Structure formats: C-alpha cells, structure tokens
Amino acid sequence: MNAFDYRAPATLDEALALLREHGDGARVVAGGTALVTMMRQRLVLPDCLVSLRDVEGLNRIEAASGAIRLGALVTHRQAEVSPLVTERLPVLAETFRRVATVRIRHMATVGGSLAHADPNQDPPVTLVALDASVEIRRAGGRRELPLRAFFRDYYETALEPGELVTAVTVPPLPPASGAAFIKFLPRSAEDYATVAVAATVTLEAGGERCREARIALGSVAPTPLRAAKAEALLRGARLDERLLRDVGEAAKGEVDPLTDHRGSAAYKREMTAVMVGRALTQAWEEARRASR
Amino acid sequence: MTHRIVGHTIGRLDGAGKVTGADRYSADVTLPGLIWGKALRSPLPHARIVGIDTSRAKALPGVLAVLTAADLPDILVGRRMFDMPLLARDRVRFIGEKVAVVAAVDPDVADEALAQIDVQYEDLPATIDLAKALDNGAPVVHENAGAYEGAPKERPHPNVQSVLRFKLGNVEAGFREADRIFEHTFRTQLAHQGYLEPHAGVVAIDADGRVQVWASNKMPHRLKELMSLALQLPQEKIRVNLTPIGGDFGGKGSLMDLPLAYHLSRVTGRPVKMVMRYAEELMAGNPRHPSLITMRTGVTNDGRIVARQVKSLFNSGAYAAFKPAPSVHLGGAGMGAGVYRMPNLLIESYCVYTHNIPCGHARSPGEPQMVFAGESHMDMIAKELGLDPTEFRRRNLLKDGDLLANGHHLEEVRAKETLEAALEASHWSTPKPGPWIGRGVAMTHRHIGVGFTNARVRLETTGNVTLVIALPDTGTGAHLTLRQVVAEVLGLAIDDVQIELATTDVFENDSGVGGSRVTHTGGRAAYHACEKLKELIAAETAKLGTPGASLAAIAQAAAREGRTLEASHFYDAKTHAAVTSFTAQVAEVAVDPATGQVSVRHFTTAHDVGTVINPIGHQGQIEGGLIQGLGYALMEELPTEDGRISTLNLGETKLPTIADIPPLTTVLVEDAVGPGPFRAKAIGEGSISAVAPAIANAVADACGVRILDLPITAEKVYFALRAKEQRAREQQS
Amino acid sequence: MNRTIRITVNGVAREVEVPTYRTLLDCLRYDLGLTGSKEGCGVGVCGACTVLLDGRMVSSCIALAVFADGHEVTTVEGLAGDERLHPVQQAFMDCGGFQCGICTPGQVVAAKALLDTIENPTEAQIKEWMLGNLCRCTGYYKIVESIQAAAKAVEP
C-alpha cells in the first residue's frame with residue numbers, strides 16, 4: 001500500500017467535513033474488506049483514509065413505522081443475526097448470511113457494500129427486490145433515494161463527491177406475501193453468485209392469483225436490476241409451469257451478463273431463467289402459507 | 001502381524017507447535033537488520049527488454065538496493081535442465097518472469113520501489129497454444145535448447161523440451177489384430193498445487209562469510225547443491241537450515257527466488273527475506289502441467305486390449321528449469337497403459353515449450369492428466385462394446401509377473417482385490433436411488449518412491465533416543481512415523497523418541513522429501529540405524545555386566561567414559577520395488593439437468609497398502625489427496641488468455657472448501673509386502689489421480705454426457721445436455 | 001505516516017508505532033513478534049490470518065492495524081490462556097485435524113470462536129462457520145472431526 005493519512009472522526013459531521021476538505025484524495029473506509037484488498041494490490045492509492053469505524057450513531061438496527069432501518073455501519077453479521085430482521089424480513093437476514101464468510105461479515109458493512117456497488121454482491125439484490133431506499137448525507141444536506149436509482153454502473157453509484165450513505169430503509173412486505181433469495185453457486189460453496197435472484201410474491205385475496213411480484217437479479221448486469229417485463233407477466237396470473245417458463249424467458253431477455261470465471265454470458269442467461277423459476281416457486285409457496 | 005506402536009492409532013503428537021502457532025516457518029524467521037526483497041515481473045509473454053531505468057526506485061527512501069540482470073553473473077539455473085536466467089537478461093519469455101529485484105525496509109516500500117522501475121519492452125510474437133507450439137513457423141521459445149546443460153538430446157522441434165517413449169511389442173501389428181479401434185482426445189487444465197504457504201525464504205551471510213538459508217524447500221541438500229551452482233560458491237560455504245513447510249505437493253523443490261535474496265543480501269550487507277504474494281505464486285509458481293492427450297486403443301470383440309497408442313503433450317511453459325527428473329519429463333507419461341496388461345503399447349510424450357508459466361511437479365506429476373485420459377477412455381470403449389465398465393476392466397487387469405512399460409515386472413499385484421473392494425464398499429451393483437444419479441469407477445497404481453536418506457540415532461543419558469534426520473516437515477506426518485519406527489525397533493514409548501532436525505552441515509546428502517518416498521527411505525534408514533544401535537547397546541550392556549540395566553544407565557556409563565552411543569545408516573533405494581500400490585475409486589454423483597451442476601453424493605476410495613504405520617496420518621494423506629483430486633475434477637483452474645493468467649487471487653482458483661467435501665468411505669486392502677520398514681508401502685500420491693475420471697464416468701452414467709476436458713463444470717454439462725437433447729430431436733424428425 | 005496505537009493482545013496491553021499502511025497481520029507478526037498468524041492468500045479468503053477482534057473472527061491481512069487501536073485482539077498464541085492447550089488445540093492433535101500446520105492457527109482460532117458462539121454445533125453449522133478457513137492438506141474430514149471432539153470436550 002502507499003503511505004496515506006488516516007483519520008478516525010468521532011461524529012458524522014466531522015467525517016463529512018473531512019471528505020469535503022480532502023476531495024478526490026480521500027477515500028472512506030468502514031469494514032475495509034473491499035478497499036484494503038484493493039489498496040494492497042495498489043489499485044487504489046488514497047492520500048487520506050477517512051474511517052467511519054468510530055462514528056457514533058450509524059450502527060443501529062431499528063423499526064421505523066413498520067419498516068426496518070439499518071444504519072450504514074451495521075455489519076453483515078449484525079444484520080444476519082438481528083432478531084428484528086430475522087423476524088420481519090427473514091429473506092434479508094438469509095441474504096446477508098450468504099455473503100462470503102463469517103470473517104468478512106464481521107467487518108463488511110451494509111453502507112460499505114452499497115457504496116462499493118459491485119454487481120456480484122448479494123444484499124443489494126434483495127434490497128432492490130424489497131424496494132429499499134437509502135439515506136445520503138453530505139456536509140450541510142441530506143437526501144433519500146430509492147435503491148433502484150442508486151446504482152448506476154459497475155462500481156458506480158449516485159453518490160456525489162463528499163456524500164455518504166448513512167442508512168438503508170426497508171419497507172415491510174404486504175400481507176399474503178412470500179419472498180426468496182437464490183444464490184446459484186455451481187463451482188465451490190464459497191463464491192460470488194453466477195446468478196442471484198430475489199423474488200417477492202404477493203397474492204390476491206383468495207390466495208390464488210398473484211397481485212404483485214418483484215424480481216431482482218444480481219450478477220447479470222452492471223447493476224442489480226428489476227426484471228420489469230417478467231414482473232408484469234405475473235400480475236393477476238395463476239402459478240403454473242407455463243407461467244414460470246414465460247417469466248423465466250422474459251427475465252432472460254432483460255439481462256446483460258459478462259462472461260467471467262463464474263460462467264459465460266450465455267450460461268448466465270440460461271440460468272437466469274432457471275433461477276427465476278425456482279425463486280418464484282419458493283416465494284409463491286411462502287405467500288400461500290402466509291395467506292392461509 | 002501386530003506391533004507395539006507401529007499400526008496403532010496415536011494422535012498427531014507432533015502437532016503442538018502447529019496448533020499453538022509456535023512453529024516457525026520460513027516467512028516467520030527473523031534476524032537483526034532483516035530487510036525485504038520483492039521482484040518486478042514481466043507483463044508480456046514474449047518481448048525483448050530494450051532498457052531498464054531503476055534510478056527513481058533507487059532514490060526512494062527506504063530502498064537499499066535495486067538489481068537487474070546487468071548486476072548479476074550470467075548464470076542459468078534449473079533443477080535438472082539449466083535454461084532459466086536469475087533475472088531476464090535481454091528477453092522475457094512469460095508473463096511473470098522476474099526482471100528486477102529490490103530490497104527495502106518493509107514490503108510496502110519495496111512495492112513502491114517496483115512501481116518506480118521503468119522497463120521498456122519490444123513485443124515479440126509468442127507461442128501460447130499448446131497444440132500449435134510444434135507447428136512449422138511457431139515462434140521459438142529458446143533458439144538452442146539443446147545447448148543447455150542437462151538438456152535431453154532428442155529435439156524434433158525447437159519447442160520440444162523433452163520426449164519420452166515407452167514401447168511394448170509392436171503397436172501396428174497389435175492394431176491389425178484388433179476387432180475394433182477407438183480413439184479419443186482429452187484436455188486438462190493449468191492448476192496450482194494450492195499450498196497455503198507461498199514460497200518464502202531468508203538468506204543471510206554470517207560473520208564467517210557463510211551463506212545461511214531458511215527456505216520453504218523440501219530438499220535442503222539439493223537446494224544447497226543448486227545454490228552452490230547458482231551463486232558460484234563451494235557447497236561448504238552454504239548452510240540450509242530446515243524449517244517446517246506449509247504444504248509442498250511437488251511445488252517446493254526449486255531455487256525460486258533464493259539466489260536473488262542472496263545477491264540482495266550480498267550488496268546490502270543485510271539479511272533478506274523474500275515472500276511471494278499469492279498473485280506471484282499464481283503467475284510464476286511452477287504449477288501442474290496442462291495436457292492434451294490422445295489415446296487410441298485396439299480391442300477384440302470380447303473386450304481384450306491388444307494395442308494402445310498414446311500421444312501426450314504437456315504444456316511446460318517458458319522454462320524446463322522446474323522439472324527435476326533426469327528425463328526432464330513427467331513420470332505420469334509412463335502411465336499410459338494404466339493398470340492394464342497391454343501386449344502392444346507405444347507412448348510418445350512431449351514436454352513442450354510455450355510462452356506460458358513454467359510448470360513443475362505437482363502431486364503425482366503427470367498422472368492425474370494421464371489417468372483422466374486413460375480411465376475415461378476405458379469407460380467410453382466399454383460403452384461402445386456394450387460391456388459393463390467393471391467387467392471390461394477385470395478382463396484386462398495387471399497380474400503378477402506382468403511387464404510394465406518402464407520395463408519393470410510386477411509382483412504381489414492386488415489390482416483385482418482393490419477393484420472388488422471399492423465396488424463392494426460403494427454398493428456398485430445396487431440400483432441407483434433415482435434418475436440423474438450415476439456411478440463411475442476409475443483405477444490407477446503407483447510405484448513406491450525411491451531416494452536416499454541418512455539417519456542417525458543417539459541414546460541420550462535420559463534413556464531417550466534422538467533421531468537425527470535432514471528431512472523437512474512438509475505436513476505428511478513423516479516425523480511422527482519415523483519416531484514410531486524408532487520406538488518400535490528399540491522397544492521404547494513414543495514419547496521417549498524425539499526428532500533432531502539437522503542442517504545441511506550434518507549429513508553428506510539426502511534426496512529430501514518427494515515422490516512418496518519418506519516412509520520408505522527415511523523409515524529404512526531409521527530402522528537400520530536402530531538395529532545398529534541395538535547392537536551397540538547390547539555390547540555396552542555386556543561390558544557393564546548388568547543385564548537389566550536401563551537405557552539411561554547404559555548411556556550414562558558410556559558418557560562417563562566420554563562416549564556417546566549412536567549409530568548411523570545411509571539407505572539408498574536405487575531401484576523401484578517390484579510392488580506398486582493400486583487405487584480403485586467409485587464416485588456416485590447427481591446431475592441437476594436444469595443447470596448441469598454435478599454434486600458428488602458419495603465417494604469410495606480403496607487402496608492396496610502395505611503395513612500402515614500411523615493410521616491417522618495415513619488416512620489424512622488419502623483424504624487430502626482425494627479432495628485435491630476433487631478440486632481438479634470439478635472446479636480448479638487457472639484460465640489463461642494470450643499467456644495471461646486471469647485468476648490472480650487464491651479465491652478465484654477455487655480450491656475446495658469444507659462445504660464441498662462428499663461423504664467418504666475408505667477401504668484399505670492390507671498386505672505386508674512393501675519395501676518400507678515393517679513392510680510398509682506409500683500413500684501420499686495414491687488418492688489423487690483417479691478422482692477426475694471416476695467423476696467423469698459417473699457423470700456419463702448419470703446423464704449420458706461425456707466431458708473430455710477438465711474441470712467438469714456445470715456449464716459444460718449443461719450445454720452438452722442441451723446439445724444431446726437437440727440431436728435427439730433432430731433424429732426423431 | 002506513523003501512528004502510535006494501543007492494542008490489548010492476548011490480554012496484554014501493547015503499544016506500538018506503525019505506518020498507517022501496516023495491516024493488523026503484519027503488525028502482529030513483525031511489530032509484536034507474534035508469528036503464529038500466517039499470511040496465505042493476502043486477500044482475506046483463505047483464513048490463515050484469522051484472529052479475533054473484540055471476540056469476533058476477522059481476516060487480519062485485510063484489516064489495518066489502526067483499526068485495532070483501543071481494541072482487543074486474540075491470536076492463536078492466546079487461545080490456551082493459562083492452560084497448556086485449549087480443548088480445540090488438543091482435539092486437533094488427537095484427531096489429526098492438521099498436516100502442514102500453516103492453516104492451523106486460523107482453523108483453531110475460528111473453531112474456538114465457533115464454540116464460543118454455538119454450543120454443540122451440527123455438522124452443517126460447523127461447515128458453514130468454517131467455510132472461510134481453507135486447508136489444502138487434510139481434505140477437511142479430520143477438521144470436522146476435531147471440532148466435533150472439541151465441542152464434546154467443552155460441553156458443560
């Protein structure tokens with residue numbers, strides 16, 4: 001790594017002021033699992049590292065009018081084992097649990113993961129399916145953004161210079177809903193997904209037809225994406241093999257994967273269809289149980 | 001025959017230093033004034049070095065030296081064939097070749113210095129593809145390879161490093177005799193040994209001007225010889241101090257960066273430590289050779305093999321320097337006939353130069369490649385003949401007295417017993433529990449390793465015995481095994497035997513660790529040394545006239561007269577024993593037809609073994625080798641494009657994790673017929689080579705798809721299944 | 001740029017001056033002389049560098065030493081406490097849960113953290129927790145056995 005200045009502010013305002021002061025030469029670090037790795041490879045050479053590790057107030061997990069609010073410094077592990085998250089949004093706890101290894105999850109933070117914007121990461125996929133939104137702060141201002149609009153491209157977000165993610169808020173699922181997260185790992189048990197799917201299904205009164213469904217896909221495009229065309233096919237429909245095939249095919253048409261070590265683009269497209277079918281089947285089953 | 005200590009289940013008593021972290025590996029060695037060395041590596045597969053500017057690097061605070069080839073003598077190094085410069089002189093031949101080294105106060109400053117070195121390259125055409133390397137007009141990697149010391153004579157093409165041929169009978173005649181002839185071609189991938197300890201070493205020049213070395217190298221005496229040649233110093237000036245090694249699997253027998261650490265130490269006057277980053281291991285660490293193997297076999301209608309012709313190409317990369325065999329080839333080339341009798345056989349094997357990473361030895365060198373080809377080929381032939389794959393094998397298995405391609409006659413052949421043991425334990429003949437589930441069998445055999453070792457045993461005044469050896473601990477548990485041998489022969493408790501690890505100053509020579517030889521050679525050396533010590537003790541006891549005297553008393557009596565009771569033995573197993581060790585494995589897999597994903601539901605491994613000295617250690621070697629084979633079969637790879645390896649971190653090379661291991665059944669077919677102490681055989685390289693074909697055969701059984709190139713990924717199976725379905729649809733219409 | 005940091009390592013307060021770019025692993029190994037933790041992959045994947053930071057297992061090769069300023073670190077050297085060997089260490093010896101030993105410090109630290117977190121873990125729980133501790137020598141079978149044996153040994 002290069003020689004850099006290291007600051008560990010105690011408050012958010014101090015942190016934001018430091019970012020404004022140092023501009024491009026500063027990088028923010030929380031868990032460091034991505035950033036320190038890149039610094040060791042000399043891919044990133046900051047003049048100043050601004051650590052958020054000691055900043056007060058950013059690591060709470062709290063209920064906020066039915067929604068769950070995760071502070072940016074909540075670690076993956078904290079989210080995974082949180083009673084609030086496991087009870088109200090088990091699919092989200094389950095998603096955090098699938099990330100890397102326990103060691104990484106003890107350090108990597110929710111906010112850091114979002115800001116890093118690696119489209120192979122798992123939590124953004126489920127968060128996008130759950131219609132989460134992010135809180136963003138800068139020196140002298142704040143804004144909120146739906147997570148769908150937060151990711152712009154590979155490793156690129158809507159964050160402006162001097163801005164930080166401070167929390168992510170996840171609304172509850174409507175009644176008669178089910179959700180599933182599938183991480184397809186055809187190589188070893190520890191890997192980034194070849195394809196990841198997070199699906200939610202909400203049933204109409206009567207529990208037969210789908211009122212609304214959301215399908216978010218990971219590792220198959222520059223950002224996590226919602227398969228809008230596929231979702232549209234589910235509205236008002238009954239679940240059967242034909243529907244699952246059509247939805248899978250539609251989702252396949254919406255992705256733009258890269259060929260890499262985890263699979264060729266062609267394979268990832270095929271697996272998108274397969275995994276969408278599996279995630280929907282699981283989510284639908286859970287929704288049926290919830291609507292009884 | 002049961003023994004008192006040999007063969008009993010005792011824990012890994014040699015582990016206190018490992019479970020507490022107290023053991024010091026090479027990277028843990030520290031000396032006053034130690035500085036760090038790092039290497040700058042070529043980004044191009046073949047290029048002329050136009051110029052190197054090190055001035056900015058030299059000016060960096062904390063940098064003590066920067067060296068290029070211009071600062072070093074024009075010396076070539078190697079393990080047998082000396083074709084590799086210490087630093088690239090006028091040209092680079094692979095991405096990752098060392099071009100310059102720096103020494104600095106810490107590794108980060110060293111990295112900064114590397115970034116400040118400017119190298120100007122002129123791109124040259126490169127030979128990357130194995131199959132094209134022997135074409136007319138393929139860019140030549142070494143203009144005159146035949147001129148290198150240790151180079152084999154035969155060179156049909158400038159890009160041939162070595163050729164090996166094995167012949168039995170007359171293949172042309174054999175093929176004429178055949179009712180049917182089958183030919184298949186197989187490919188295996190570039191794969192790293194995957195030891196978790198990257199190459200590390202410390203070199204210091206002491207006050208007497210002697211070069212002190214600590215290195216992750218499993219043949220310290222050979223290392224001393226090679227250092228002597230590379231540094232142009234007499235061997236007496238060099239001492240290798242043994243350290244435990246964090247995994248070898250064939251990959252830690254070369255000089256690697258040590259001569260450069262020496263030169264940095266020489267010019268700075270400071271001890272120098274060099275530790276490869278794992279990215280450097282993956283681009284320059286002498287991994288397992290990729291292969292392209294064609295097998296052609298002639299059989300009679302009733303399933304007897306009458307002829308086999310094998311042509312194998314091994315992609316050896318830019319230098320032959322990492323291969324230690326006198327043939328500068330891989331032992332696995334000789335495994336082209338597998339475990340079968342073949343009256344007519346011709347194996348032609350080429351190790352080929354390309355502008356890729358130079359490859360070396362990996363566990364069972366050349367064998368996982370050759371056995372994948374051979375055992376897949378057997379199943380494919382069986383299927384064509386309408387024969388059960390086990391029956392086809394039975395009709396052709398080696399028997400006592402058969403002649404191998406290397407000219408050895410075999411005795412005490414347990415091929416059939418081992419096969420039957422695997423089939424029974426795996427419930428081979430029972431119906432499969434469901435669709436898309438398959439079983440596959442594969443076999444191999446291996447000679448017991450040979451080499452030479454010195455051992456000395458010394459009776460201490462405490463009554464304990466010290467075994468002095470110069471064999472480093474690479475993790476196999478050999479040190480404990482050797483203690484057991486000593487304890488058994490001398491009638492001691494295991495806790496009364498300790499190891500004293502010698503430096504290279506103590507004994508004249510030792511072939512070191514490798515080739516699954518240590519139980520044999522180290523064990524026999526220790527055994528015979530103990531027999532001699534027993535005689536000395538008996539003589540001493542007689543002299544004392546106290547028949548019931550304790551060992552402590554005897555030693556103390558001798559000590560009072562200024563004598564130490566000790567005995568040495570040099571054991572040299574010059575030729576391979578006529579016994580080999582057979583392995584038969586059965587994989588039961590499930591294929592997910594929607595994704596192609598292969599999961600191993602169960603794995604059975606049967607081994608024909610001699611006396612097992614340490615059951616836990618023995619089983620550990622079986623399990624470790626097997627999971628390496630599993631990784632090789634299903635997930636490991638270093639994909640290369642235009643000579644550039646794209647997986648430069650260990651996470652991406654996909655070593656198996658704890659969650660990837662299948663339920664395992666081990667069967668030992670025990671027979672005390674080995675050449676080792678107490679009739680032991682060898683086990684270290686027995687379980688790796690047949691895993692991939694057992695799985696490939698099981699996949700074919702499960703879903704009718706035959707994968708001819710490793711690793712067997714879900715994607716390959718998926719598209720093969722879809723192609724098969726498409727063909728079926730076309731045939732119907 | 002150097003910083004003076006204070007870390008409680010294996011129960012002992014240590015103070016050391018390090019460059020900001022010093023990893024926690026390098027600080028433990030070279031500045032504090034605790035070479036038990038090893039560097040394998042250097043990217044946080046293999047687990048050879050596993051230490052406990054405030055009781056939680058982390059990859060010390062991708063943690064900055066300054067992250068540990070004011071915190072507690074437990075390394076393999078501190079596992080046994082006043083005993084000669086922690087039950088996990090004893091179990092690894094009894095069952096042969098190691099071979100070359102380079103991954104072993106990370107394995108035993110991770111296993112201890114597992115038993116601190118989950119009493120009597122199932123095989124599935126063991127594999128999930130230990131997923132990030134690679135081993136190339138053993139094939140893992142005896143690591144699972146060792147941890148199961150250790151779990152019995154620490155049972156109240």
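The written sequence of each chain sets the order in which its residues are numbered from 1. For this description, chains carry letters from A and ligands carry numbers from 1, given in the order in which they are written. Reporting of local features is limited, given that this is a predicted model, to residues whose pLDDT is at least 70; pairs of side-chain atoms are given and counted only at 80 or more, and all residues count toward the totals for whole chains, interfaces and linings. Side-chain metrics in this entry use all non-hydrogen atoms of the structure; hydrogen atoms and water are not considered.

Moving on to the domain arrangement of chain B. All names here are of chain B. Taken domain by domain, chain B consists of domain 1 (26-124 + 197-246 + 252-284), domain 2 (291-448 + 577-727) and domain 3 (450-573). Each of domain 2 and domain 3 has a C-alpha centre, and the two are 38 Å apart. It only takes one pair of heavy atoms within 4.5 Å for two residues to be counted as in contact. Facing the 14 residues of domain 2 at the interface are 16 residues of domain 3. Joining two parts hides part of their accessible area as seen by a 1.4 Å probe, and the buried area is that hidden amount summed over both. For the pair domain 2 and domain 3, the two sides together bury roughly 1200 Å², of which 60% comes from carbon and sulfur. Salt bridges are identified by distance alone: a Lys or Arg side-chain nitrogen within 4 Å of an Asp or Glu carboxyl oxygen. Where domain 2 meets domain 3, there are 0 salt bridges. In protein, a polar contact requires one atom able to donate a hydrogen and another able to accept it; more generally it is a pair of N or O atoms within 3.5 Å, and residues adjacent in sequence count only if both atoms are side-chain atoms. For the pair domain 2 and domain 3, the number of links is 4 residue pairs in polar contact (both at pLDDT 80 or more). Each residue receives one of three labels: charged for Asp, Glu, Lys and Arg, nonpolar for Ala, Val, Leu, Ile, Met, Phe, Trp, Tyr, Cys and Pro, and polar for the others, Gly being one of them. Grouping the amino acids of the side of domain 2 that touches domain 3 by side-chain chemistry returns 7 nonpolar, 4 polar and 3 charged. An automatic or database domain assignment supplies the start and end points of every domain.

All names here are of chain B. Checked against the element boundaries, H46 lands in the loop between β1 (35-41) and β2 (47-53). Linking H46 and T268, residues 222 residues apart in sequence, is a C-alpha distance of 32 Å. Here R91 takes part through its side chain, which lies 3.4 Å from a polar atom of the side chain of H46. Helix and strand assignments come from DSSP, with helices taken as H or I runs of at least 4 residues and strands as E runs of at least 2, each series counted from the N terminus.

The next subject is the packing of helix α3 (residues 104-117) of chain C against helix α5 (residues 141-154) of chain C. Two packed helices can be described by the angle between their axes and the distance between those axes. Residue and element names in this part refer to chain C. Simply put, an axis is a line fit to the C-alpha atoms, just over the touching stretch for a helix, and the angle between two N-to-C directions goes from 0 to 180 degrees. Two elements in contact, α3 and α5, have axes separated by 11 Å at closest approach and are oriented at 45°. Here α3 lies oblique to α5, going by the angle between them. When the axes of α3 and α5 are compared, the crossing they make is right-handed. Contacts from Q107, A111, L114 and L115 in α3 reach I143, I147, A150, A151 and V154 in α5. When its residues are assigned to classes, the contact of α3 with α5 shows 8 nonpolar, 1 polar and no charged. By the definition adopted for this analysis, an angle is roughly parallel if under 35 degrees, roughly antiparallel if over 145, roughly perpendicular if from 65 to 115, and oblique otherwise. The hand of a helix crossing depends on one turn: near helix anticlockwise from the far one by less than a right angle means left-handed, and clockwise means right-handed.

A separate point is the sheet that holds strand β4 (residues 61-64) of chain A. Residue and element names in this part refer to chain A. Two strands form a pair only when DSSP identifies at least two bridges running between them. Taken in spatial order, the 5 strands line up as β4-β5-β10-β6-β7 in an open sheet, and their pairing is antiparallel. The sheet is open, and its two edges are formed by β4 and β7 (141-146), each paired on a single side. Each adjacent strand pair in this sheet contributes to an overall mean axis angle of 25°, direction not counted. Taken together, the 6 bridges between strand β6 (residues 133-138) and β7 define a ladder with antiparallel strand orientation. Looking at β7, one finds that R137 is bridged to R142.

A few words on the domain arrangement of chain C. All names here are of chain C. The domains assigned to chain C are domain 1 (2-78) and domain 2 (87-154). Placing the centre of domain 1 and that of domain 2 at their C-alpha centroids yields a distance of 21 Å. Contacts between the two partners involve 12 residues from domain 1, matched on the other side by 13 residues from domain 2. Between domain 1 and domain 2, roughly 1000 Å² of surface is buried when both sides are summed, and carbon and sulfur atoms account for 71% of that area. At the junction of domain 1 with domain 2, the criterion picks out 0 salt bridges. Where domain 1 packs against domain 2, one counts 4 residue pairs in polar contact (both at pLDDT 80 or more). Here the side of domain 1 that touches domain 2 takes 3 residues from strand β3 (residues 50-53), the largest share from any one element.

Residues and elements named next belong to chain C. The geometry of helix α2 (residues 87-95) relative to α3 is characterised by a closest axis approach of 9 Å and an angle of 125° between their N-to-C directions. Taken together, the axes of α2 and α3 lie oblique to each other. Two packed elements cross with a definite hand, and for α2 against α3 that hand is right-handed. Contact residues: V88, Q89 and F92 in α2; Q107, V108, A111, K112 and L115 in α3. Partitioned by chemical class, the residues of the contact of α2 with α3 number 5 nonpolar, 2 polar and 1 charged.

Moving on, we come to the confidence of the model for chain C. Predicted coordinates in areas of low pLDDT are best not read in detail. Per-residue confidence for chain C gives a mean pLDDT of 97, with 99% of residues at or over 70. Here the complex is predicted with pTM 0.98, and the ipTM for its interfaces comes to 0.98. A score from 0 to 100, pLDDT tells how confident the predictor is in each residue.

Residue and element names in this part refer to chain B. Note the cis peptide between L710 and P711, where omega equals -5°. Mapped onto the elements of the fold, P711 is located in the loop between α16 (691-703) and α17 (714-732). For M256, which is not glycine, the phi torsion reads 45° and is therefore positive. With respect to the helices and strands, the residue M256 is situated in the loop between β13 (238-241) and α6 (258-268). Of note in the backbone geometry, H427 takes a positive phi value of approximately 55° without being a glycine. Tracing the backbone through its elements, the reader meets H427 in the loop between α10 (415-425) and β18 (437-447).

Before going further, it helps to spend a moment on the pattern of salt bridges. In this structure the tally under the stated criterion is 84 salt bridges over all chains. Across the salt bridge formed by E500(B) and R458(B), the nearest N and O atoms sit 2.5 Å from each other. One end of the pair, E500(B), is in strand β21 (residues 497-501); the other, R458(B), is in strand β19 (residues 452-459), with 42 residues separating them in the sequence. Only protein chains enter the area calculation, which uses a 1.4 Å probe; residues under 20% of their type maximum are buried, those over 50% are exposed, and those in between are partly exposed. What makes R458(B) buried here is its relative accessible area of 17%. Where R722(B) meets E725(B), a salt bridge forms, and the shortest distance between an N and an O atom there is 2.8 Å. On the criterion of helical spacing, the pair formed by R722(B) and E725(B) is a turn pair, its members being 3 residues apart in helix α17. A relative accessible area of 32% means that E725(B) is categorised as partly exposed. Within this structure, R187(A), D191(A), D260(A), R262(A), K268(A), E652(B) and K654(B) form a network of salt bridges that share partners.

So, about the interface of chain B and chain A. Across the boundary between the two partners, chain B contributes 21 residues, which contact 22 residues of chain A. Between chain B and chain A lies a buried interface of about 1800 Å² when both sides are counted; carbon and sulfur atoms form 49% of it. The largest per-residue losses of area from chain B upon contact with chain A belong to E652(B), K654(B) and E715(B), which jointly make up 28% of the total buried on that side. Along the contact surface separating chain B from chain A lie 5 salt bridges. Across the pair K654(B) and D191(A) runs a salt bridge, and its minimum N-O distance is 3.6 Å. Counting residues per element, the ones that place at least two in the side of chain B that touches chain A are α3 (107-115) and α17 of chain B. Residues belonging to the side of chain B that touches chain A are distributed by class as follows: 8 nonpolar, 5 polar and 8 charged.

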